[in-house]
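# Examining the three-dimensional arrangement
Take a look at the letters that make up each chain.
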Amino acid sequence: MAKRSPLAAARGALLSMVLLMVVMAAGIFGTTYAGGSWAPKLALDLSGGTQMILSPKVNGSSDENVSQEQLNQAVEIIRQRVDGAGVSEAEVTTSFGSGNNVVVSVPGTISAETRQLIQASANMTFRPVLLSGAGTAVAEDARTADDKLPKPSAEPTNGSDRNWITADLYKQYEAKDCTAARNEDADSADPTKPMVACSTDGQEKYILGPVELSGSDISTASHSQETSGQGVTTGRWAVNIQFNDAAREKFQNITSRLNAIRAQNANDPRARFAILLDGKVLSSPVSQAVISDGKPQITGNFTEQEAKALADQLKYGALPISFTIQSEQQISATLGSEQLRVGLLTGLIGLLLVFVYSLFQYRLLGFVTMMSLVVAGIISYEAIALLGWALNYRLSLAGVAGLIVAIGATADSFIVYFERIRDEIRAGRTIPSAVNHGWQRASRTILASKAVNLLAAVVLYVVSVGSVKGFAFTLGLTAIADLVVVYLFTHPMLTLLSNTRYFGEGHRHSGLSPESLGATPLYRGAGRLRSPEEKQLSIAERRRAERAAAEADESASDEKKES
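Residues numbered from 1 in each chain as written. Predicted model: local features only at pLDDT ≥ 70, side-chain atom pairs only at ≥ 80, totals over all residues. Heavy atoms only, no water.

## Quick notes on the packing of aromatic side chains
Per the stated rule, a full pass over the model turns up 14 aromatic pairs. Measuring from centroid to centroid gives 5.0 Å for Phe-243 and Phe-251, while their planes differ by 40°, and the two rings are tilted. In terms of burial, Phe-243 and Phe-251 fall into one category: buried. Between Tyr-502 and Phe-503, the ring centres sit 5.4 Å apart and the planes meet at 70°, which makes this aromatic pair edge-to-face. Its relative accessible area of 32% is what places Tyr-502 among the partly exposed residues. An aromatic cluster is defined as three or more aromatic residues linked by ring pairs; in this entry it consists of Tyr-362, Tyr-417, Phe-418, Trp-439 and Tyr-487. In this arrangement the basic side chain of Lys-205 is found over the ring face of Tyr-173, its NZ or CZ atom lying 5.0 Å from the centre. Just above the ring of Tyr-461 sits the side chain of Lys-469; from NZ or CZ to the centre is 4.2 Å. (Phe/Tyr/Trp six-rings, centres within 6.5 Å; stacked < 30°, edge-to-face > 60°. Buried < 20%, exposed > 50% of the residue type's maximum accessible area, 1.4 Å probe, protein only. Lys NZ or Arg CZ within 6 Å of the ring centre and 35° of its normal.)

## Some thoughts on the UniProt feature "transmembrane region" (unreviewed entry) in the protein
Summarizing the sequence annotation, UniProt attributes the feature "transmembrane region" (unreviewed entry) to residues 340-360, 367-391, 397-418, 446-464 and 470-489 in the numbering used throughout. Between the first and last C-alpha atoms of residues 367-391 the distance is 35 Å; the span itself is 96% helix and 0% strand. When the span residues 446-464 is considered, its composition is 95% helix and 0% strand, and the gap between its end C-alpha atoms is 27 Å. (UniProt positions renumbered as here; feature names shortened; annotations may be inferred. Helix = DSSP H or I, 4+ residues; strand = E, 2+ residues; numbered from the N terminus.)

## A short note on the state of the cysteines
A complete count under the given rule lists one disulfide for this structure. Disulfide partner of Cys-178: Cys-198, at an S-S distance of 1.9 Å. Residues Cys-178 and Cys-198 are joined through a disulfide that is left-handed, its torsion about the S-S bond being -75°. One end of the pair, Cys-178, is in the loop between α5 (167-175) and β5 (195-198); the other, Cys-198, is in strand β5, with 20 residues separating them in the sequence. (Disulfide = S-S within 2.5 Å.)

## Remarks on unusual backbone geometry
As a rule of thumb, non-glycine residues mostly have phi less than zero, and peptide bonds are mostly trans rather than cis. In this structure, Arg-363 is a non-glycine residue whose phi angle is positive, near 55°. Relative to the helices and strands, Arg-363 resides in the loop between α8 (336-362) and α9 (366-390).

## Some points on the pattern of salt bridges
Counted according to the given criterion, the structure contains 12 salt bridges. Residue Lys-171 is joined to Asp-146 by a salt bridge in which the shortest nitrogen-to-oxygen separation is 3.7 Å. Within this pair, whereas Lys-171 is found in helix α5, its partner Asp-146 is found in the loop between β4 (124-134) and α5, the two being separated by 25 residues in sequence. Lys-171 sits in the partly exposed class, given a relative accessible area of 40%. A salt bridge links Asp-245 to Arg-248; the shortest N-O distance between them is 2.9 Å. Taken together, the residues Asp-245 and Arg-248, both in helix α6 (residues 245-264) and three residues apart, mark about one turn of the helix. (Salt bridge = Lys/Arg side-chain N within 4 Å of Asp/Glu carboxyl O.)

Here it is as structure tokens:
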């Protein structure tokens, strides 16, 4: 396959740039039909939002028993949950000392799913099933007589031992009505003792053994569509759990015990293992195999949103304390539109200064810098608007500052490229050849520079919280946009310009004039080419040669005067 000419490659790159901008604009236009907007979403400091004040309690007791350590842990978990739900630039703080409250401030209007995610304690436990039945209460005249109630004959040997079921526990089980409108959970039950619990839909009730695993044994969780044993997707959503190393062997032993029970009697309820969330049985599957990798799957009638919410709760951990919403109100912007206008004005001033410098230093070549900055700005704007719709990303004042800082970093790429081209022209190359060779040298420098910028932005984003994340995000985004623009716009544009008569012949105002740059002449005289063995000098070598020649002239002049 024949290699494309530089002009054809340049035209193709510019066409790709135009198509990219059009596709992104079309994407924004399409999102307007799904709740999106042409304007980027603004963060809490610029647009205001919703503030929730959460009042904590520990196992139903008053907040006087809440410690600062528990509050700090709760703040970290809530912050992770909110960030995991796609809410950008949220603020989670404590007001310890005056009610021991947690204050959650979220940009815009908070959704019902996010509100539930913030408030839920997500305390997950795993208990073996000892007995199960319909969720309705047994009528008093049909309840088991006292002489027929279970009587433990020995101490329980494992979590599935029936000796856990006492007469009092069985009476509580028969009297339990899980279908009642007000059905309290059993989240505060003693983890070392058996308990009576209900399913989340109230259709089934259980006698469960003591807790054998807890949410703290989970290392991570995710959601996906359920697959059958043959690897076929069922279309239902499930939550995938991965236990940590310490719990993996324990879970393997549990599933081995349950499988042994199922082998003796497939209908024995003790072959089931109940998964409880905040005291309610979320699922009670029958163990179908020994799970040795510690990666079970929770199935149920989940929607995608419910599966994601549960996975996020398990992934980021259970709250050490439960919360009730004390108040919820709309709050105004902390900085407001005036600061946004000042930030945008600052950016425009910086853009103007870069343009003036480019015109002064590079003459008409400076217009390429300006057009490149405009294209980079359009791409960054479109990306922020699309991310606002897709990931709920919100632009804060710190993010605006990141965009302003990026103007100078983007201009650096053009300066490196232009100076490389000028070096090649000074070395005696033709302007089209100088553009090509200058790009080969400059592209590696630009790529390394942007890689460092992007790495710094990623590290800053990972280790920081709050508005600093917004600064790091826009800094990284503009570094990527800069690379796209340099490769698909700036270099192709210069390639095309260098093949025009005005720039290609090095007009004095083009910024590429060989005479203005002190280029080495391509010809030594009429019809006499520079000899191939003549070395092309770098800038430093040429300056040293000029200084040596000047010193030699001075010495010759001094000797002449003395003589």
